[in-house]
Amino acid sequence: MSATTLPHDAAGHHGEHHPSGLMRWLTTTNHKDIGTMYMTFSMVMFFLGGLMILLVRAELFQPGLQFLKPEFFNQLIGNHALIMIFGALMPAATGFANWQIPLMIGAPDMALPRLNNWGFWLLPPAALMLTLPFVLELFGVGDGALATGWTFYAPLSVQGGIGVDFAIFAVHLLGISSIMGSINIIVTIFNMRAPGMTLMKMPLFVWGWLVTAFLLVITLPVLAGAVTMLLTDRHFGTHFFSAAGGGDPILFQHLFWFFGHPEVYILLLPVWGLVPHVLSTFSRKPIYGYKAQVYSFIAIGVLSLIVWAHHFFTAGLPVPALLYFMYSTMSISLPLAVLFFCWIATMWRGAMTFETPMLFAVGFIVLFGIAGLTGLVLADVAADAQYHHSYFVVAHFHFALFTGGIMGVMTGVYYWLPKWTGHMYSETLGKLHFWLTVISFNLAFMPQFFLGLAGMPRRIPDYALQFAEYNAISTVGAFILGFAQLLFAYNIWKCIKGGPSVSARVWEGTEGLEWQLPSPPPHHSWDVQPTVK
Amino acid sequence: MSSSPAATPGQAHYFVPQPSIYPFILASGMFMLALGFILKINQFPAGPWIMLAGAATIITMLFKWFGKVIYENQTGAYADWEDRSFRHGMIWFIASEVMFFAAFFSALFYTRNISVPQLGGMLAQHGVTLWEGYTGGWPTAGPKASHFEPMAAWGLPAINTALLLSSGATVTWAHWGLLKNNRFQLMLGLFLTVALGVAFMACQAVEYHHAYTEMGLTLGSGVYGATFFMLTGFHGFHVTLGAVMLTVILLRSMSGHFSAERHFAFEAVAWYWHFVDVVWLLLFVLVYWL
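(A) Region of interest: the side chain of N116 of chain A. Residue and element names in this part refer to chain A. Inspection of the secondary structure assignment puts N116 in helix α4 (residues 113-121). In this structure N116 comes out as buried when scored by relative accessible area, which is 4%. Here N98 takes part through its side chain, which lies 2.6 Å from a polar atom of the side chain of N116. Not counting chain neighbours up to four residues away, the residues in contact with N116 comprise H31, I34, Y38, N98, M110 and N184.

(B) Highlighting the packing of helix α5 (residues 156-179) of chain B against helix α8 (residues 264-289) of chain B. Residues and elements named next belong to chain B. The geometry of α5 relative to α8 is characterised by a closest axis approach of 10 Å and an angle of 160 degrees between their N-to-C directions. Classified by the angle between their axes, α5 and α8 sit roughly antiparallel to one another. Here α5 and α8 pass one another in a crossing that is left-handed. Of the residues in the contact of α5 with α8, the class split is 15 nonpolar, seven polar and two charged.

(C) Representation of the side chain of H310 of chain A. Residues and elements named next belong to chain A. Its location among the elements puts H310 in the loop between α10 (290-304) and α11 (319-331). For H310, the side chain forms a polar contact with the side chain of H261, separated by 3.0 Å. A polar contact is formed between the side chain of H310 and the backbone oxygen of V307, at a distance of 3.0 Å. With near-sequence residues (within four places) excluded, H310 lies in contact with H261, F325 and T329.

(D) Representation of the pattern of salt bridges. Residues and elements named next belong to chain B. Within the structure shown, the criterion is met by seven salt bridges over all chains. Ionic pairing is found between R262 and D80, a salt bridge with its closest N-O pair at 3.0 Å. Placement of R262 in the loop between α7 (222-254) and α8 and of D80 in helix α3 (residues 80-120) is noted, with a sequence separation of 182 residues between them. You can call R262 partly exposed: its relative accessible area is 35%. Residue classification places D80 among the partly exposed positions, given a relative accessible area of 38%. Residues participating in the shared-partner salt-bridge network are D83, R87 and E267.

Parameters and conventions
- Residues numbered from 1 in each chain as written.
- Chains lettered and ligands numbered in written order.
- Predicted model: local features only at pLDDT ≥ 70, side-chain atom pairs only at ≥ 80, totals over all residues.
- Heavy atoms only, no water.
- Helix = DSSP H or I, 4+ residues; strand = E, 2+ residues; numbered from the N terminus.
- Buried < 20%, exposed > 50% of the residue type's maximum accessible area, 1.4 Å probe, protein only.
- Polar contact = N/O pair within 3.5 Å; in protein donor to acceptor, adjacent residues only side chain to side chain.
- Contact = heavy atoms within 4.5 Å.
- Axes fitted to C-alpha atoms, helices over the stretch in contact; angles between N-to-C directions.
- Parallel < 35°, antiparallel > 145°, perpendicular 65-115°, else oblique.
- Left-handed = near helix turned anticlockwise from the far one by under 90°.
- Nonpolar A, V, L, I, M, F, W, Y, C, P; charged D, E, K, R; others polar.
- Salt bridge = Lys/Arg side-chain N within 4 Å of Asp/Glu carboxyl O.

Encoded structure:
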C-alpha cells in the first residue's frame, strides 16, 4: 500500500475553536482524543480491578478466613471480572480502534464523531454504577455491590440486594456505549476507507475489529434483554427464571452466554488483528496468510455465536444438546489453529529482533496457546464434569484473557505508543515489564490448573489444607504481577512526557498508511484521503 | 464550519463536527435516570426526583442535539458521503434492536417448548414431581401462579394488526409523494401514519386495561404474562417512539426540510416504522395467535 497524496493539516478547518483543559476532553469529537480517553479509562480500571483481586488473593494466601468477610469477598470477585472485562479490556480495544482505524484506512476521523464521544462518556457513569454500592454500604445504605459473580446467575441474582440493580443498569449503560461504538466502527470501515482500499486490502487489525463490532451489535442487545428480565423478575413480579411460574433459571444461563461466549472473542479479535502487524514488523517479512487469517476471523466470529452452552455443561442439558455444543466448540479450534500457524509462519526465517512489542507478541502466542489447549479439555463434555467451576476454569480463562487479551493490548501499546506520542518509551523498562509480567503471571496462574484438577472450587474464600502451598505461590505471583504493572504505567507516562524522538515509520519493518503520517500524527490526520494502490 | 461540496471519498472533506458538550450531558442524564430508577425501586424517596431530573436532561439534550443536526443539514454540511454514514448507522442500529426483541422471543420459545413441558412432564419422565397435578400446556401461568384468561387473537389484536399494516402502507404512500414532489400526499400520508399509530396505542391501552381488570392477566401471570407483557410492552414503547419521530418528520415536512433527492431522516424513520411493523406481525402470530 502506498499513498500518493500526503495530508495537509489545516485544509478545510479554518475558524475551528478547540476548548482547552477539561472542556477539551468533555466535548471532543476527535478520534485521537477519544482514543486517548478510552486508553486512560482502561488503565485506571485495570488498576482498580487489579486492586480488588489482590485483596482476594491476600485472603486466599492461607486457608481459613483472614480479613475479608465472605460477603465482601463475593462482591470483589464479581466486580473484578466486570471491571476488567468491561472497564479495562473492552475500552482498551476501543481505544486502539479509535486511534488506529482512521489512521490505518486513511479516514479523516471516525464516521460519527459526536456519537463516538457519547459512547466514551457512558463508560464513567457505568463504572460509577458498579462501584457506588461499595461506598453506599459504608454509609449504611444497601448491602454492598453485586455479590453473584459477574455472570448474575438466577435465582441468586433475583434474591440479591441493591448491588444487583446497580450492576443491571451498569450493564445497560455499558451495552449502549458498546453498541454505539460498534455501529460507529462498522460505519467507519464501510464508508470511510481511502479510495483503492478494498476490503481485502484492509489491515488485519481493522478486520479483527469489523468482526468484533458485528458480534457486539448482535450479542449485547441480548444481554440487555436478559438483565431486563432479571430486573422485572426482581421487582415487577415476572417469572422468567422461576419454575413456580413456568420459567427456568437455566434460561438465564442461555441468554447470558449467548452474549458471554462471543464476548470472549470480542475481547480477543482486536488483539488477533494487531499481533500479526507486530510479528510482521519485527520479522521484517510480510504477514503470512492474510486471506486465511481474514476468513478465520469471520469463521470464529460466526462459530462463537453457536457454542454458548459449553459454559454450563453441568446444568442438566439433554445429551444431544451436550454433543452438539461439544463438537461445535471444538470446531473453533480449526480456524484458531490456522491463526496460530499463520503467526508462526510470519516469523519463520524472518530477520527477527526482540523489541518489547515483539516480546509481548511472542509471549502472547505461547501463553495463549496454553489457553487454547486447556479450552479443548474443557470443551470435552465428559472431562468438563470434573473441571467445571473449579480453579482449572479460572486458570484457563486467565490464560485466555490475560495473555490473549491484556498482553495483546500491551503488545499494541508498546507498538503504537511511539507513533502516538512521537517519543520512544524506555526499552529497558519495557523488557523488564515483559519478563516480570510473564514470570509472575505463570507463577500466579499455572498452580491454579493443578488446584482445579485437585478439586478446589472457585469463588470460595476458604479452602482445605491440601491446597495451601499452591495458593500461597499463586498469591505471591499475583502480587508481583500487580506491582509490575506500575512499571507499565510509569513507562507510558514517561513516554508521553518526553524521550527520544521517533521517525514517521518508528520501526524499521513497518508497512501501512498509519506509518506515512508524522509521529505524532497531526490533529486531523487524513484530511485529504490518500489513494491506495 | 467546513462543508462538503464534492461527494466522493478522496476528493471531499468529510464533515467532522466541532467539539460538543451534548454527548457528555446526555450521558450524565442517562446516569441520573438510571440512578433514580434504582433508588425508586428500592423505596428511596429521592428516586423519582432524580429520575425526573435525568429525564428532563435527556429530553433537553435530544432536542439540542437533533436540532443541531437538523441545522447542519439545512445549512448544507452533509453531502452524499455523510449521508451514507447515517444510512449505515441506522441500519445497524435497527439490527441491534432486532436482537433486543430476539432475546424476549427466545424467552417465549424456551418457556413454551422446553421449561413448561419439562415441568408438566416430570411425573411421567422421572416418576417424581415437585408440582403435583401440573401438566404444562400453553397458555400457562406455571404451577403456582394465579388463574388467568389468555388474550384472544381475533379481537382487538387483529384490529391492531390492520392498523399497523395500514400505517406501513401510508408511510410508503407518503414517501411516494415526497419522491414526486407532491407535498400534499407527503403530509397527508404522514398524518395518517401518525394517526394510525396513535389509534394502535389507544387499542393497546384498552387491551392492557381489560387484561388487568377483567381477565386476571398481569405481569405476574407466570411465563405467559411475563412474555406477553414484556414483548407487547417493549413493542408498544417502540411504536410510541416511532410515532414521536414520525410527528417530528411531519413537522419538518411542513417546514419544507425534505426534497425528492435528500430526505435521509424521513427514510430512517420509515425504516424504523417498518421494523416495528414486522415485529408486530411476529407478535401477532407467535404471541396472540398460535
